Amino acid sequence: MNTIRGREDQMTRSFLILAAAALTLTCGCAASDPPTTMPSNTLLSVTIGCGGNGQPASVQCYATAHYSDAGRDVSSFAAWQSSNPNVATVSTGGLVKVVGVGKTTITATYDEQSGSLTLQFPDPLND
């Protein structure tokens, strides 16, 4: 009787192990991993735009990578640069802070493609 009971327990354990393995193979991912749609491999261009964020001394810029099938926001992945840090600086997230009067070109580079935009900050006393 103990031999039969032992075999039933062993078969149950084997079944549970196989079921868990099959479930893992079927899913292939963690529950928290959302499905993603990858863009095509053809990056056509990168463009940037800026908009006011309610603070007169700063402007938020964003970068868009244009692929042959769609555009993707790559603001947090782009390398940002200001051509004239005496006029404005730019953070790694694209936040431009005005520090002086004049013109500067803000450039975002992503995957060897760049987009740029020239901003001019006039002297408010001479306006």
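Residues numbered from 1 in each chain as written. Predicted model: local features only at pLDDT ≥ 70, side-chain atom pairs only at ≥ 80, totals over all residues. Heavy atoms only, no water.

Let's talk about the environment of arginine 72
- Looking at the secondary structure, you find arginine 72 in strand 3 (residues 71-73).
- The partly exposed category is assigned to arginine 72, whose relative accessible area is 23%.
- Taking the C-alpha atoms as reference points, arginine 72 and valine 46, separated by 26 residues in sequence, lie 9.5 Å from one another. (Helix = DSSP H or I, 4+ residues; strand = E, 2+ residues; numbered from the N terminus. Buried < 20%, exposed > 50% of the residue type's maximum accessible area, 1.4 Å probe, protein only.)

Focus on the nonpolar core
- Residues Ala63, Trp80, Val96, Ile106 and Tyr110 are the most contacted members of the largest nonpolar core, which totals 20 residues.
- Per-element accounting of this core gives the leading share, five residues, to strand 2 (residues 58-67).
- For valine 96, the contacting residues outside a window of four places in its chain are Ala57, Ser58, Val59, Cys61, Ala88, Thr89, Val90, Ile106, Leu119 and Phe121. (Core = buried A, V, L, I, M, F, W, Y, C linked by side-chain atoms within 4.5 Å. Contact = heavy atoms within 4.5 Å.)

Comments concerning the sheet that holds strand 8 (residues 113-121)
- Spatially, the three strands line up as an open sheet ordered 4-7-8, and their pairing is antiparallel. What marks the edges here is a single partner per strand, and that holds for strand 4 (79-82) and strand 8. For this sheet the average axis-to-axis angle between neighbouring strands, irrespective of direction, equals 15 degrees.
- Sheet topology note: the strand 7 (residues 102-110)/strand 8 ladder contains nine bridges and is antiparallel. Across the sheet, the residue bridging to lysine 103 is glutamine 120, located in strand 8. (Pairing = 2+ DSSP bridges. Axes fitted to C-alpha atoms, helices over the stretch in contact; angles between N-to-C directions.)

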